Structure formats: C-alpha cells, structure tokens
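Each chain, written out:
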Amino acid sequence: MIDIAITALFDVLSPVNLLASLGGVLFGLFVGATPGLTISLGMVLLLPVTYSMNPVTSISLLLGLFISGMTGGSISAILLNIPGTPSASATAIAGHQMARRGEAESALGTAVTSSFFGAMVSLAVLVLVAPTVARAALKFGEVELGALVFLGLTLICSFGQKSMVKGLISGAVGLMITTVGMDPIIGRPRYTFGLVELMSGISFLPVMIGLFAIPQILNGLVMKSNVIPDFKGELRGVFSHIRGVFKHLRYKVVSALIGTGVGAIPGAGGPIAVFLAYDVARRMTPEEQKKEFDAGNEVGVAAPEAANNGINGGALIPMMTLGIPGDPVTAILLGALMIQGLTPGPLLFRNDPLFVYSVFWAFLVGAIFVLIVTLATMKIWVTVLQIPSWILLPIISIFCVIGTYSLRNSFWDTGVMLAFGLLGFLMLRFGFPVVPLLLAIVLGPAFERHIRLSLITSKGDPTVFLTHPISLVFIVIALFTFFSPIVRSLFKKKGGI
Amino acid sequence: MRKRALFVLFVATLVVSIGATAMAEGQAESTYPEKSAEFMIPFGAGGSADTLGRAIVSAAEPFFGESFVPVNRPGGGGAVMYQAMYNEPSDGYTIGWSSTSILTATNIGNVPFAYDAFDHVARVGYTSLPIAVRADAPWDTVEEFVAAAKADPGGLAIGNAGTGSATHLTAVVFATKSGIDVIHVPNGAERRIPALLGGETQAVCVPLPEIGPFVESGDAKILAFPTVNREPAYPDVPTMREAGYDVVIELFRSISVPKGTDPEILDYLEEVFRQAVQEEEFLDVSARYGFVIDYMGREDFADYLAAQDVLIAEAMDAGGLR
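Residues numbered from 1 in each chain as written. Chains lettered and ligands numbered in written order. Predicted model: local features only at pLDDT ≥ 70, side-chain atom pairs only at ≥ 80, totals over all residues.

With that settled, the discussion passes to the domain arrangement of chain B. Residue and element names in this part refer to chain B. What the domain assignment lists for chain B is domain 1 (36-127 + 250-318) and domain 2 (134-224). In this complex, domain 1 contributes twelve residues to the contact, which on the side of domain 2 involves twelve residues. Per element, the largest residue contribution to the side of domain 1 that touches domain 2 is four residues, and it comes from helix α11 (residues 298-318). Here the residues of the side of domain 1 that touches domain 2 sort into seven nonpolar, five polar and no charged. (Domains from an automatic or database assignment. Contact = placed C-beta atoms within 7 Å. Helix = DSSP H or I, 4+ residues; strand = E, 2+ residues; numbered from the N terminus. Nonpolar A, V, L, I, M, F, W, Y, C, P; charged D, E, K, R; others polar.)

See below:
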C-alpha cells in the first residue's frame, strides 16, 4: 500500500504533471473568477487537450482546474458582488460587504485559506473513508433528498431578513419560474408556449449571471453609482494570511463537512451546500456577534468557502467509488477518465490503486498551488478594483455574453440573462432580495423531482417523509428554521412597541 | 463621451458576432465538401453521446477531407437539437449525431415533425439496455422476476432515465409483453443506479456500460438483454426473445442530415462514415463505452428506423405517453 502511494506521489511530482496542475490552477482561476465563464466550460475546453495526455497528467490538469475554479469564483463575488461560479453565490453576501468597507484583502484572504481548509477536510474524507461514505450516501433515497431540499428551501426565510414578505415573494417567483420546461416526471412540456428552447427550462446559470452581474453593470454605467469598492493601503503579505487557515476553526470544520457530505450525495447539488453552510454558521454565531455577521464578517466568508471546496472532494467520492457524478463538473471529469481507459466505479480501487493514489496526490498538489498562487497574486486581484468602471464593466458584460452563449451555443440563454438582469435591477430598486429567487431556482427542480419520485415509489403515501428517520430529522429542522424568525418577530413586536 | 464610446464598442461587438455567423452560412458550392461542417450533438459535453460523437468525427475527418465542428445542443431529450437541425439548410454542412432519441422525441410529440423529416445517412452501432437487479435479489432469471411481479401486481419498481427515454420504453415494452404490472420510476441518469443499490427500486433498465462495473464487483446482476444477439461480454445471459418476451430496443447512434440533401452528398457521407467506423481510434473509444459497432448503410437503416419507430410508438401507447 505504502509503496504504491509513494510511487504515485513521485508520478504526480514529475515536472510534466506539476506543470499540468499549475496550468489547470491558473486556467481555473481565470474561468472561476470571470463572471460568465464557469468551471464546466473550462473543463469542456480542456477536455480535447487531455485526450493525448497520460491519465495522471490529465487528472492533475483537470483537478487543478476544478479546485481553483471553486476558489476563483469567490474573487469576483467578493470584489464585484458577481459570483464567478454558482457555488460562490453565498460568498458574495458577506464578502462584498467587507470589500465595500475597504476590507477586500481580508475577505479574499479568508476566502482563499478557508477554501484550502475545506479542500483538505474533503480530501481527508475522500482518502480515509470514501467507500463508507459512498455506501452511506446510498441511504439518501428520493425521500431523504426531498426532505434535504425542503430544508434548503426554508433557508429562503433566513435570507429575507429585512423583509420577510419580500423574501417570500422573491422565492415564490423563483419557484414558479422552475415550473417552466419539461415536466421532470411525465416528460411533457409545461409553459413553453411551443418554444423548443424553453423545453429544458430556464437554466440556473444565465439567471445567476443576470441577477448579479447586470444590475451591477447598469448601476455602474447608467446610474453612475459607485459599484466597485475602493481599496487603499498596504497588503498584509502571504504569511499573515496562511496563519489564518485555522482561524474560525469550528465554523470551517462544520462547513467543510457540510460541503463534503452534500457533494457526496449524487443529485443533491453544490449551491445547496454553500447556503446551508452560511445559514448554519449564522446560527452558530453567538447572539452578540450576529450583528457583525449580518454586516458581513470573516465567518460569513469562511463558511461558504470552506463548504464549496468541501464539495470538491465530496463530489469525487461517488464519482470514484460508484462511477456516478455528483455534479455537472464531475460528470465531465468522469468522461475524461473514461477516455483514458479508466472505469471509475466499484472496481477502480481494486483494479487501479496506483491511479487512485495519484488522484489523491494530484488533489493535494492542486490545492496547495491554489493557496500559493491566489495569495501571491493578491496584489493583482486587488488592483482589479483600481480599473475604472467604464473599462471594467464593459469587459465583464462581454464575458457574460460569451459565457451564456457558450452554455448551449445559442443566444437564447444570453436573452434569458438579460431578462433576469432587468428583473434583478428592478428587484434591487424596490428592495426585493435576489438571493431567495436564486435559491428557489436552484432548488425548485430538485424539490419537485424528489418529492414526486418519492410519492411514486410510496404509491402516493406522503407519510414516508415522516417515517424515514433521516427525512424526519430534516423536516423537523426545516420547520424550526421556518417558524423561528416568525416567532421571534412576534416577540420583538410585543416587547418593542 | 464615455457613454458614446461604450455604445460604439457595443455595436462593434454585435456587428462582429453577427458577421461571424453570416460568414459561416456560406454560398452554393460546386465541389463537396469545400468547408468545415457543423456536427450537432443532442446531449451535453462529457457524456457518452458526446464522447462517441467526437470520436467518430475525429476518425471521419481524413475521409471527409474537411473538418467537423462538434457543437453540443442539449435539452428536451434531444428535441432542442432536432429542432435546430430541422431549421438548417440541407447543404451537407449540418450533420446530426442522431440516436434513439430521434424516435422518442418525435413520437412523444415534443417536436412538430416525425423522424422522417430528416435524411438518414447511416447507423453506426448501439448500446444495449439490459434489465438488472441487485446481486442479493431473490430472482436469478427474468422468468423468476416476472413470476414475482405477477404475484405482487404494482409491487415492484423498475428505474429508468426519464419518462419517454429509451430505458423507460424498454421497461414498458418488457412489462407489456410479459403481462406484468410494475411501477416505472424515472429516477434520472445519475440516480437510477444509486436507487437500485439503495433499495428504492427492485430493478433498473440501464445502458450496459453503466451497470457493467457493478456486475463485475458483485453488486448487481443482469437478467436479460433486449437485443437481437447475446452480448459478447455476457455469453450466459439470455436475450429477452430467448426468455420468451419479444422485446428488442437498442440505444442506437446514427448520422442524419436535414431533409432534401443532394443524394450525391448522402452517398459521400455514407462512405465517409462507413470507413470511419473501422478506424482503430474509434474502435478503442467504442469498446470503452460498451458501444457495439454495427454499421448500417442508408437503405438498411431506413428499414430499421421504420421498424423501431413502430415499436417505440406502440410502447408509448402502452405506457400512456401519447
């Protein structure tokens, strides 16, 4: 065992593979940090390049991209309030508020070190207990997934803090939007008005880009408001950040485990993990620090960031042990491995342990590169804020158009992005939070699908959600999440006025 | 000033992008091919349809003489791509990587035309869609499974990739021909094997390459193949026909072009792909994906498509999908 691990280590550390990993990391930072370009797109672009590589070089390149893309997504979320990837959308909440206060560097540093921490926790889980976790994840049937997503949906209440009603309206609109497209169970079109483009529904990515990026662009260019925060002062240097890896330890551990766990469940979806982690971190925060948390502090950045890199290792668990991708990115990764003649699945650990160890080492090397590269280039990222907005914002809009066009090679999704951009702009003006809408669009399809499939297998008996223990736990937490703010606001009113 | 500069920039971007699209349209030509052709793939990047599609065009390029540009048009179980191809000119520069989905998407009525709204060049091969159960299940043969299902009507569940998909229709035809009443669960492609292993469903209809590793690892066993011939890798497992149920549905992959394409171009393409399927690199990729190369030229493929179309239509009626 040890000799295989050492052989694999030397293979991964060969110059070619290190170079591939570094290349993947740099490219991943670019696609992750650029609003509009996604990790999936980056992988698709690199895929043909990997055909002629050997398996370890190929996986070094792609894992580097996967890990750094997750971290890169937070950079634009923090600096510009435009999440570069879906899994960075929760980071924008606290991160951008910090940047607005001139704390861009702390926010970025926290994001990068938390990402590294999350990646390490998920790697440890992957190395030590992957087969066990994969078997346990099989216990998550449709019923349990349905309850988990239900719990995710109740988070809408937490993100509608300022006005519960507006938050709920925003969420409800999101849920209604998800009914457009092919019915997930009977396979017939709904509300598509005969348009074949609407058949696969309104996809999440153009909505996210539209909701976050377009209002920023409109506000900056048309309304002339100052959307790009300032950054002045000296940089703290790489080492002061690295010392922060273990700061806010308990929040990071919990969040990283949430990310790993959700990532390991096939079909649960990444964005649910980051919002869940953000919400759990808020609940873990002592009452007297809640104000700081809501105003955006390091914990609010650390939690979703530890979670989204937790997804990295988590999603690899079902991919490697069962041959089942946990998310769209691992689906592409799976394809890349199959091209190499490897069959991820129950036999991979038995037939090809050398490769399995190479994946572990490549993951570690990739995560270290991400940490070093992002911290060392901190100056560049902060300098982005010094670019005049009339140059920066048009560049971002070009990438948004390219990114949405590339989703399906059609301008349809670009149109969707613009429409939601306008919606987001109006929502912002009239004080409706956009996060509930986004959450609803991410979770709505999964919610409908899992609930309906549960009812098909239970022959229409809804009590399965209460008789399955895991599901019952989620439902109880969900009800608590839903009712606690209402109860609290009732008490406040009585006491306050 | 800045505003104007921005506007000019915006217009310039638009003009360039529209110009690029217009240039790709091209004009009438004398010798075919004289430029690259678009190769439309009806599913997303990274999946088996995508990988096999990219592999066949890369093997076909030397014979074609120009390059192919693979473009993924996923969505609607193939409907998005077929609709897009339907709107393209029949000049031989739009080629589709069609599959069984061309019969399912048209028969379920998601697009306003039938499979014969295209010219079909060739069938490249197929992937078989066996019915599998957990290894610890009490049934070792498809007959035993049928007997159990008859004893417990509506009690057993068979997972599939989605309503109206080839795996669903295969399970429906199997249930109809064997006279059993089962629940069809559209678990989806990424959930159907976890659902089987986790015990939510008792059986699954699934492409062989996905379930193969689980059979080898001792987690699952295959009851029967709905194919004409036995699967080379599983010589002991019978076909559905051998077991007494007349079920033959294959997940085929093929080459199609917009209707009205010049017969000379069709001949040319048929020859290009006939040669491509014999290329070493394509054979390698096919073997990895459990894709059985079984080439059919235009005429054979037309007969095959007509027969499969009837079968799919019957299955949809039986499943109450039309």
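This part takes up the sheet that holds strand β11 (residues 292-296) of chain B. Residue and element names in this part refer to chain B. In spatial order, the strands read β2-β1-β3-β10-β4-β11; together these six strands make up an open sheet with mixed pairing. The outermost strands of the open sheet, each flanked by one partner alone, are β2 (68-72) and β11. Pairwise comparison of adjacent strand axes, ignoring direction, gives a mean angle of 25° for this sheet. Two strands pair when backbone bridges link them, and strand β1 (residues 37-41) and β2 are joined in this way by five bridges, in the parallel orientation. Counterpart to E38 in the pairing with β2 is V69. (Pairing = 2+ DSSP bridges. Axes fitted to C-alpha atoms, helices over the stretch in contact; angles between N-to-C directions.)

Another point: helix α2 (residues 15-33) of chain A. If you check α2(A), its first and last C-alpha atoms are 27 Å apart, about what 19 residues at 1.5 Å a residue would give, namely 27 Å. Listed as buried for α2(A) are N17(A), A20(A), S21(A), G24(A), V25(A), F27(A), G28(A), L29(A), V31(A), G32(A) and A33(A). (Expected span 1.5 Å × (residues − 1). Buried ≥ 20, exposed ≤ 12 C-beta atoms within 10 Å, placed from the backbone.)

What follows is about the interface of chain B and chain A. Counting from both sides, the interface comprises 43 residues of chain B and, opposite them, 39 residues of chain A. Counted by class, the side of chain B that touches chain A contains 20 nonpolar, 15 polar and eight charged residues.

Here the focus is the sheet that holds strand β6 (residues 157-159) of chain B. Strands sit in the order β7-β6-β8-β5-β9 (chain B) across an open sheet of five strands; the sheet is mixed. What marks the edges here is a single partner per strand, and that holds for β7 (183-185) and β9 (220-224) of chain B. When the angles between neighbouring strand axes are averaged without regard to direction, this sheet yields 30°. Bridge count for β6(B) against β7(B) is three bridges, and the pairing is parallel. In the strand pairing of β7(B), G159(B) is matched with V185(B). Lying over the sheet, helix α21 (residues 435-457) of chain A contacts β6 and β7 of chain B, oriented at roughly 160° with respect to β7(B). Of the strands in this sheet, β5 (131-134) and β9 of chain B are in contact with helix α8 (residues 208-216) of chain B, which crosses β9(B) at around 120°.

Next up on the list: helix α7 (residues 142-159) of chain A. For α7(A), with 18 residues, the first-to-last C-alpha span of 26 Å sits near the 26 Å given by 1.5 Å per residue. Of all the 18 residues making up α7(A), 18 are buried; the element is thus mostly covered by neighbouring parts of the structure.

A separate point is the nonpolar core. Ranked by internal contacts, the top residues of the largest apolar core, which has 264 residues, are L62(A), A277(A), L333(A), L438(A), L439(A) and A132(B). The two domains that each donate at least three residues to this core are domain 1 (36-127 + 250-318) and domain 2 (134-224) of chain B. If sequence neighbours within four positions are ignored, L62(A) has contacts with G24(A), M43(A), L46(A), T50(A), L333(A) and A336(A). (Core = buried A, V, L, I, M, F, W, Y, C linked by C-beta atoms within 7 Å.)

A low pLDDT means the predicted coordinates there should not be read in detail. In the predicted model, chain A carries a mean pLDDT of 88, and the fraction of residues at 70 or more is 98%. Within chain A, the element-level pLDDT minimum falls on helix α23 (residues 469-496) of chain A, averaging 78, and the maximum on α2(A), averaging 95. (pLDDT = per-residue confidence, 0-100.)

As a further point, take the packing of helix α9 (residues 204-221) of chain A against helix α20 (residues 412-429) of chain A. Residues and elements named next belong to chain A. Contact pair α9 / α20: the axes reach a minimum separation of 7 Å and the direction vectors enclose 55°. Comparing their axes, α20 and α9 come out oblique. For the pair α9 and α20, the crossing hand works out as right-handed. Contact with α9, carried on its side by P206, V207, I209, G210, L211, A213, I214, P215 and L218, involves D413, V416, M417, L418, A419, F420, G421, G424, F425 and L428 of α20 and no other residues of that element. (Parallel < 35°, antiparallel > 145°, perpendicular 65-115°, else oblique. Left-handed = near helix turned anticlockwise from the far one by under 90°.)

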